[in-house]
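Architecture at a glance
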Number of protein chains: 2
Amino acid sequence: MTGWWCEYAAIDGVVHRGVTITARDGRFTAIDPDTAPSADATRLAGLTIPGLANTHSHAFHRVLRSRTQADRGSFWTWRDVMYAAATRLDPDTYHRLARAVFAEMALAGQTAVGEFHYVHHQPDGTPYDDQNQMGHALLAAAEEAGIRITLLDTLYLHGGLDAGGYQPIEGPQRRYADTDAEQWAQRVDDLSPGTNQLIGGAIHSIRAVDPDSIAMAAESTRGFGAPLHAHVSEQRTENDACLAVLGGTPLTVLDRSGALGPGFTAVHATHVCADDVRRLSSSGSTVSMCPTTERDLGDGIGPALEFAEAGIPIHLGSDSHATIDHFVEARSIELHERLRSERRGLHTAPELLAMATVNGQRALGWESAGRLAVGDRADLVAIRLDSERTAGSSGEHAIEAAIFAATTADISTVVVDGTTIVADHHHQRVDVGAELRASIEELIP
Amino acid sequence: MTGWWCEYAAIDGVVHRGVTITARDGRFTAIDPDTAPSADATRLAGLTIPGLANTHSHAFHRVLRSRTQADRGSFWTWRDVMYAAATRLDPDTYHRLARAVFAEMALAGQTAVGEFHYVHHQPDGTPYDDQNQMGHALLAAAEEAGIRITLLDTLYLHGGLDAGGYQPIEGPQRRYADTDAEQWAQRVDDLSPGTNQLIGGAIHSIRAVDPDSIAMAAESTRGFGAPLHAHVSEQRTENDACLAVLGGTPLTVLDRSGALGPGFTAVHATHVCADDVRRLSSSGSTVSMCPTTERDLGDGIGPALEFAEAGIPIHLGSDSHATIDHFVEARSIELHERLRSERRGLHTAPELLAMATVNGQRALGWESAGRLAVGDRADLVAIRLDSERTAGSSGEHAIEAAIFAATTADISTVVVDGTTIVADHHHQRVDVGAELRASIEELIP
């Protein structure tokens with residue numbers, strides 16, 4: 001049995017003092033507030049929260065951080081640079097890069113990642129001998145970095161959608177594409193996840209997957225009992241093409257094809273209408289918002305308040321990894337709303353914390369994770385309240401301090417499934433800065 | 001003579017390698033790129049930039065960080081909480097708090113602060129025996145924290161402006177108010193700045209100062225040769241009242257009263273019209289934008305692109321200190337524009353760096369500061385490029401890494417006027433976290 005004593009801990013959005021926590025076999029066995037520290041418990045100073053979940057990641061985008069800030073242009077010119085980076089990956093370089101990126105997530109308190117994986121094949125589209133070699137590289141990377149992964153293997157069939165209909169796959173997209181939804185489903189079925197790893201499905205977008213293939217993918221993913229994610233309405237031009245060719249919004253098309261429902265996550269959902277919100281709500285779907293990417297790419301401000309008011313669970317992804325900091329993601333949900341509405345306090349700090357933790361863990365298929373509760377997975381993230389950023393906040397306002405003032409630099413300890421992965425802000429297995437540098441420099445010399 | 005060797009350094013917005021820098025008597029005597037490190041030079045790893053300038057600060061607002069995030073409401077309900085904090089200050093507690101806050105700024109690489117100071121008198125409005133006792137507490141605090149200060153002593157005469165005209169001072173405002181502009185000017189003339197300290201003037205806002213008093217304050221401040229700052233159009237209601245009662249926008253009123261011109265800074269300028277922008281531009285005025293405060297308070301997104309296109313220098317303040325991180329302020333100028341315009345790359349990283357450094361130093365009256373240039377004040381800020389946030393960016397993209405990816409946690413060394421104030425991210429004189437906590441807890445038990 002392992003035990004911790006937390007100066008403060010956030011239990012279901014409420015701060016408690018002196019919380020003794022025990023775990024066995026990676027699950028919490030007791031959560032007891034108002035206790036004195038026992039001699040054999042590891043003392044966690046500051047505020048302890050559940051494990052953060054990063055529900056939308058493209059690990060290789062990490063190579064673009066800082067570099068693409070020298071560019072002007074739009075989402076679409078940024079995508080050209082991203083495509084160029086994708087062409088350089090092979091299973092070994094991708095493994096090293098992803099291991100460093102997932103270790104950066106661990107330092108940021110993220111105990112689970114949803115990797116939206118579409119760089120499947122060799123650059124010319126030929127499958128590797130193990131047709132899942134890239135996916136297996138990602139699974140190995142997450143295991144070595146010490147975090148859980150839900151590999152959202154992504155169906156990608158077409159090169160785009162415009163007034164002329166679906167465009168053929170070309171250039172850098174060749175390595176993303178499978179033959180059809182059936183072949184994709186067979187390939188996904190062959191993936192071999194490890195302990196604390198899940199396989200899920202993803203529909204890249206209505207730009208890359210036609211309605212019939214969406215329907216087949218949705219059916220087979222549901223057959224696995226797995227989460228299904230899709231990029232939805234990140235850009236206005238996607239909506240325009242979808243309306244013109246398919247006669248409805250992307251969410252209408254996904255709904256008609258049977259994709260919506262419990263287990264479905266709409267990623268971004270930035271430019272959605274009231275009817276789209278109703279479809280998400282009535283189907284029991286959820287939304288992965290990625291505010292630091294959405295502002296970086298000039299996508300716009302998504303309707304987080306409308307989602308919350310409709311009872312749609314919001315969770316958070318760092319997507320392009322312009323930054324990996326779920327405190328920044330969470331506060332940006334609220335702060336972007338303030339910029340849009342010129343009102344304060346639309347989402348409370350405990351609500352934002354739930355987006356960053358339990359909502360996200362569930363959207364990745366980890367039903368018993370993201371809470372400090374007996375029986376849940378034993379994930380802990382301890383946040384210093386004595387840094388120059390957080391000092392002076394009372395225990396009473398510790399969740400507000402974490403969500404609105406802390407950065408990942410304030411994270412001292414991270415425990416995943418009962419194992420200490422980060423201590424004193426040092427990853428116990430990976431030299432994160434050095435591995436990031438080496439793995440990026442071998443891809444972009 | 002003191003010397004440093006910088007792995008990379010940003011000289012006028014361009015990254016150079018292997019830069020040897022020397023200083024004597026607090027001024028740079030040589031800046032030489034492409035050199036090998038000499039044995040007696042202090043080695044600065046990563047990217048070295050000039051000193052950051054925080055051009056809009058209310059030091060005591062630091063007590064509100066995290067605490068006000070539990071509230072809903074508007075700027076105006078937030079102001080009630082801020083007023084309550086202001087009533088608790090006395091010269092000793094203010095000195096301790098400001099010393100800790102200015103030391104936090106030093107950790108953040110800020111070598112100069114513009115303190116917009118209006119908590120002058122005892123809570124009932126009676127002057128202290130030294131009528132500048134609060135101002136002198138702030139000057140002492142900055143000296144002890146090791147950063148330069150421009151004390152922007154603030155004229156505050158009225159309780160507000162509405163359709164009925166100017167309202168009387170009441171409640172918490174009593175300690176802010178002077179009798180009239182003449183008495184204010186005499187009091188300001190009695191302030192005793194120390195070495196590397198300046199006194200400037202401020203007009204709180206058109207809500208608190210009538211046009212005739214603005215004219216007197218502008219004339220006397222210009223007589224001192226000092227900077228003059230004013231809150232301008234932070235909220236739409238301020239514009240509405242000003243138009244209704246004074247027949248023009250706040251900037252029109254300030255212009256008619258002779259306040260605009262070189263040395264004048266409009267703080268916020270969030271809700272300004274095209275004519276306001278022309279007045280700022282043609283008069284040679286500058287703007288202090290405070291994006292992390294403006295989003296926190298739901299003020300809105302100011303027209304940074306219009307300012308830049310009109311040639312108006314933008315500089316940056318952390319204002320309410322929801323965060324103290326000029327990398328975040330600088331990137332937020334660009335990222336808020338991206339949210340507004342759905343376009344990328346409107347301000348380049350070197351332009352954003354200039355806002356955070358040289359533009360700000362000049363707006364605080366430090367004409368030879370904010371650049372790595374012979375004769376300039378010897379301020380240096382060294383930023384790690386090997387952290388999980390910054391690793392993987394090449395030297396070529398080091399300014400992009402600093403502005404878009406770094407946080408203050410990446411700052412290792414800070415030199416102010418030739419003296420090392422921060423080394424290995426530790427303030428050499430102040431235990432910042434502990435002093436913040438102690439000084440805030442004595443004000444808000």
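Bear in mind that the values here come from a model prediction, so they are computed numbers and not experimental data. (Residues numbered from 1 in each chain as written. Chains lettered and ligands numbered in written order. Predicted model: local features only at pLDDT ≥ 70, side-chain atom pairs only at ≥ 80, totals over all residues. Heavy atoms only, no water.)

Digging into the overall build of chain A
Applied cut-off: Under the DSSP-based scheme used, a helix requires at least four consecutive residues in state H or I and a strand at least two consecutive residues in state E, with every element numbered from the N terminus. Only C-alpha atoms enter the radius of gyration; for comparison, a globular chain is expected to reach 2.2 Å times N to the power 0.38, where N is the number of residues. For every residue, the accessible area obtained with a 1.4 Å probe (protein chains only) is divided by the maximum for its type, and the residue is called buried under 20%, exposed over 50%, and partly exposed between those limits. Any two residues whose heavy atoms approach within 4.5 Å at even a single point are treated as in contact. Shrake-Rupley sampling with a 1.4 Å probe provides the accessible areas, and residues are treated as covered by the protein chains on show and by no other component.
The helix and strand tally for chain A stands at 15 helices and 18 strands. Over its C-alpha trace chain A gives a radius of gyration of 21 Å, about what one expects of a compact globule, namely 22 Å for 445 residues. Each principal axis of the C-alpha atoms in chain A carries an extent, and together these give about 70 × 50 × 45 Å. Counting over 445 residues, chain A shows a buried share of 66%. Taking the intrachain contacts of chain A between residues at least 6 apart in sequence as the baseline, contacts between residues at least 24 apart amount to 73%. For chain A, the computed accessible surface area is about 14100 Å², with 48% contributed by carbon and sulfur atoms.

A closer look at helix α12 (residues 349–356) of chain A
Along an α-helix, residues three or four apart share an orientation, since each turn contains 3.6 residues. Note the following rule: Our arc is simply the arc of the directions from the helix axis toward the C-beta atoms.
Looking at α12 of chain A, one finds that the buried residues are Ala349, Leu352, Leu353, Met355 and Ala356 of chain A. Considered in projection along α12 of chain A, the buried side chains sweep an arc of 155 degrees and stay on one side of the axis.

With respect to the confidence of the model for chain A
To be explicit about the condition: Each residue gets a pLDDT score, which is the predictor's confidence in that residue and runs from 0 to 100.
Averaged over all residues, the pLDDT of chain A equals 96, while 100% of them reach at least 70. For this predicted complex, the interface score ipTM comes out at 0.96, alongside a pTM of 0.97.

A few points about the relation of the copies chain B and chain A
Worth spelling out the cut-off: What sets the superposition is a least-squares fit of C-alpha atoms, and only residues with pLDDT of at least 70 in both copies go into it.
Superposing chain B onto chain A requires a rotation of 180 degrees together with a translation of 0.0 Å along the rotation axis, leaving an RMSD of 0.0 Å. Each copy turns onto its partner about a two-fold axis. Relative to the rotation axis, the C-alpha of Ala409 of chain B is the closest in chain B, positioned 3.3 Å from it. When the interface residues of chain B are mapped onto chain A, 100% of them are again interface residues, pointing to one common binding face.

Quick look at the packing of helix α11 (residues 326–341) of chain A against α12 of chain A
Residues and elements named next belong to chain A. Operational definition: Each axis is a line fitted through C-alpha atoms, taken for helices only over the stretch in contact, and angles between the N-to-C directions span 0 to 180 degrees. Reported orientations rely on four angle classes, namely roughly parallel under 35 degrees, roughly antiparallel over 145, roughly perpendicular from 65 to 115, and oblique for the rest. By convention the crossing between two helices is left-handed if the near helix lies anticlockwise of the far one by an angle smaller than a right angle, and right-handed if it lies clockwise. Basically, the charged four are Asp, Glu, Lys and Arg, the nonpolar ten are Ala, Val, Leu, Ile, Met, Phe, Trp, Tyr, Cys and Pro, and anything else, Gly included, counts as polar.
Closest axis-to-axis distance for the α11/α12 pair is 9 Å, and the angle between their directions is 130 degrees. As the angle between them shows, α11 and α12 are arranged oblique. The crossing of α11 and α12 is right-handed. Mapping the contact onto sequence places His326, Ala330, Ile333 and Glu334 in α11 and Leu352, Met355 and Ala356 in α12. Tallied by class, residues from the contact of α11 with α12 come to five nonpolar, one polar and one charged.

Things to note about the sheet that holds strand β3 (residues 27–32) of chain B
Residue and element names in this part refer to chain B. Inclusion rule: One requirement defines pairing of two strands: DSSP has to find at least two bridges between them.
The strand order β3-β2-β1-β4-β15-β16-β17-β18 describes an open sheet built from eight strands, whose pairing is mixed. Both outer strands of the open sheet, β3 and β18 (426–427), are each paired with one neighbouring strand and no more. Of the pairings in the sheet, the one linking strand β15 (residues 380–383) to strand β16 (residues 411–416) comprises four bridges and is antiparallel in character. The residue bridging Val381 from the neighbouring strand is Val414, located in β16.

As for the domain arrangement of chain A
Residue and element names in this part refer to chain A. Stated precisely, the cut-off is as follows: Marked domain ranges trace back to an automatic or database domain assignment. When two parts are brought into contact, each loses some accessible area as probed by a 1.4 Å sphere; the total of that loss over both is the buried area. Put simply, a salt bridge is a Lys or Arg side-chain nitrogen that is within 4 Å of an Asp or Glu carboxyl oxygen.
In terms of domain boundaries, chain A breaks down into domain 1 (2–49 + 378–432) and domain 2 (52–363). Centre-to-centre separation of domain 1 and domain 2, based on C-alpha positions: 29 Å. Across the contact, 28 residues belong to domain 1 and 30 residues belong to domain 2. Approximately 2300 Å² of surface area, both sides summed, lies buried where domain 1 meets domain 2, with 69% of it carried by carbon and sulfur atoms. Considering only the side of domain 1, the residues that lose the most area to domain 2 are Ile403, Phe404 and Val432, jointly responsible for 26% of the buried surface there. Run the count over domain 1 and domain 2 and you get two salt bridges. A salt bridge links Asp417 to Arg148; the nearest nitrogen and oxygen atoms lie 3.0 Å apart. If you list the elements that add at least two residues to the side of domain 1 that touches domain 2, you get β15 (380–383), α14 (398–404), β16 (411–416), β17 (419–423) and β18 (426–427). With five residues, α14 is the single largest residue contributor to the side of domain 1 that touches domain 2. Here the residues of the side of domain 1 that touches domain 2 are counted per class, giving 18 nonpolar, six polar and four charged.

Here's the deal with the pairing of strand β4 (residues 42–49) of chain B
Residue and element names in this part refer to chain B. Pairing of strand β1 (residues 2–11) with β4, which is carried by five bridges, proceeds in the parallel orientation. Paired with Trp5 across the two strands is Arg43, which belongs to β4. Looking at chain direction, β4 and β15 are connected through three bridges and run antiparallel. Note on β15: the bridge partner recorded for Leu47 is Ile383.

Comments concerning the sheet that holds strand β14 (residues 314–316) of chain B
Residue and element names in this part refer to chain B. Pairing is parallel across the open sheet formed by eight strands, whose spatial order is β5-β6-β7-β10-β11-β12-β13-β14. The open sheet has two edge strands, β5 (52–57) and β14, and neither has a second partner. Each strand axis lies, on average, 25 degrees off the axis of its neighbour in the sheet, ignoring direction. Inspection of the sheet shows strand β10 (residues 197–203) paired to strand β11 (residues 228–232) by three bridges, in the parallel sense. Along β11, the bridge assignment pairs Ala202 with His229. On top of the sheet, helix α4 (residues 181–189) reaches β7 (148–155) and β10; it is set at about 160 degrees to β7, its chief contact.

Focus: the side chain of His158 of chain A
Residue and element names in this part refer to chain A. Worth spelling out the cut-off: We define a polar contact as two N or O atoms separated by no more than 3.5 Å, with the added condition that, inside protein, one atom must be a possible hydrogen donor and the other a possible acceptor, whereas residues neighbouring each other in sequence contribute only through side-chain atom pairs.
The residue His158 is located in the loop between β7 (148–155) and β8 (160–162) in this model. Among the polar contacts listed, one links the side chain of His158 to the side chain of Asp210, at a separation of 2.7 Å. Not counting residues within four places of it along the chain, the set of residues in contact with His158 comprises Tyr166, Gln167, Ile169, Arg207, Ala208, Val209 and Asp210.

Considering the environment of Arg236 of chain B
Mapped onto the secondary structure, Arg236 of chain B falls in helix α6 (residues 236–246). Assessed through its relative accessible area of 46%, Arg236 of chain B is described here as partly exposed. If we skip the residues at most four places from it in the chain, Arg236 of chain B touches Glu342 of chain A together with His271 of chain B.

Some words on the packing of aromatic side chains
The relation between two aromatic rings is expressed through the spacing of the ring centres and the mutual angle of the planes. Heads up, the condition is: Side-chain rings of Phe, Tyr and Trp (the six-membered ring for Trp) are treated as a pair once their centres are within 6.5 Å; stacked means planes under 30 degrees apart, edge-to-face means over 60, and tilted covers the remaining angles. By definition, being over a ring means that NZ of Lys or CZ of Arg is both within 6 Å of the ring centre and within 35 degrees of the ring normal.
Here the structure, examined in full by the defined rule, presents 16 aromatic pairs over all chains. Over the ring of Trp366 of chain A we find Arg148 of chain A; its NZ or CZ atom is 5.2 Å from the centre of that ring.

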